[in-house]
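Overview (structure and organization)
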Amino acid sequence: MTLNIETPALLFSATSLILLAYTNRFLTIAQIVRSLKTHYDENHTRSILLQIKNLNLRLSLIRYMQLFGVLCLFLSVFAMLCLFVEWHTAGIYLFAASLLCLLTSLAISFWEISISVTALRLHLSDLEEEEKKK
């Protein structure tokens, strides 16, 4: 199997955009946590505490998404370096490892989105129950 130096370079734009999206998710959730913490300090409700715990899990997942995304980029650079100095076998293995890191990052992203959707559906079901009571 042959691998050109341009192939690992293709991951740069995709990985950079993914990392930007992960950072935006992190910042949004961090802002929500700060807001919920203020509400929790005012009135200690179990609902707010559960939301904060859910968001804490999502923040941890985003940290791992970012870790594997950066590792993907890092390994791609090393693969390009190996291909540049004509260590083709090492370059191929490093590129394969970078692809696995990207897949792992995307899988964790899917998990985090699933948690988010479940939490939103739960929140919406609470609103529907309040409407039925009125």
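Heads up: these notes are all about the structure in this document.

Definitions and cut-offs
Residues numbered from 1 in each chain as written. Predicted model: local features only at pLDDT ≥ 70, side-chain atom pairs only at ≥ 80, totals over all residues. Heavy atoms only, no water. 1 Å grid on protein atoms, 1.4 Å probe; cavity = no way out; pocket = protein on both sides within 12 Å on 5 of 7 lines; lining within 4 Å. Points joined across faces, edges and corners; volume = space filled by probe spheres on them. Helix = DSSP H or I, 4+ residues; strand = E, 2+ residues; numbered from the N terminus. Nonpolar A, V, L, I, M, F, W, Y, C, P; charged D, E, K, R; others polar. Salt bridge = Lys/Arg side-chain N within 4 Å of Asp/Glu carboxyl O. Buried < 20%, exposed > 50% of the residue type's maximum accessible area, 1.4 Å probe, protein only. Phe/Tyr/Trp six-rings, centres within 6.5 Å; stacked < 30°, edge-to-face > 60°. Contact = heavy atoms within 4.5 Å. Expected span 1.5 Å × (residues − 1). Bend = angle between axes of the 7 residues up to and from the residue.

Estimated volume of the largest pocket: approximately 450 Å³. Those elements giving two or more residues to the lining of the largest pocket turn out to be helix 1 (6–42), helix 2 (46–84) and helix 3 (88–133). When residues of the lining of the largest pocket are assigned to their parent elements, the largest contribution, ten residues, is made by helix 3. A class-by-class count of the residues in the lining of the largest pocket yields nine nonpolar, six polar and three charged.

Time to look at the pattern of salt bridges. Per the stated rule, a full pass over the model turns up three salt bridges. For the salt bridge of E112 with R25, the shortest nitrogen-to-oxygen distance reads 3.1 Å. Residue E112 is located in helix 3, and its partner R25 is located in helix 1; the two are separated by 87 residues in the primary sequence. Look at E112 and you get buried, because its relative accessible area is 1%. Put simply, R58 and E112 hold a salt bridge, and the shortest N to O gap is 2.7 Å. Taken as a pair, R58 in helix 2 and E112 in helix 3 lie far apart in primary sequence, 54 residues in all. There is no split in this pair, since R58 and E112 are both buried. Through salt bridges with shared partners, a single network forms among R25, R58 and E112.

This model, assessed by the stated rule, comprises one aromatic pair. Where F74 meets F78, the ring centres are 4.9 Å apart and the plane angle is 80 degrees; that geometry is what we call edge-to-face. One end of the pair is F74 and the other is F78, both in helix 2 and four residues apart, which spans about a single turn.

As a further point, take the environment of L83. Topologically, L83 is positioned in helix 2. L83 sits 42 residues away from D41 along the chain, and the two C-alpha atoms are 56 Å apart. In contact with L83, not counting residues within four places along its chain, are L3, N4, I5, P8, H88 and G91.

Let us now look at helix 1. Look at helix 1: 56 Å from first C-alpha to last across 37 residues, which is about the 54 Å you get at 1.5 Å a residue. At A14, helix 1 shows its strongest bend, of approximately 25 degrees. For helix 1, the set of buried residues is P8, L11, T15, L19, Y22, I29, A30 and L36.

Taken by themselves, the reported measurements are silent on function.
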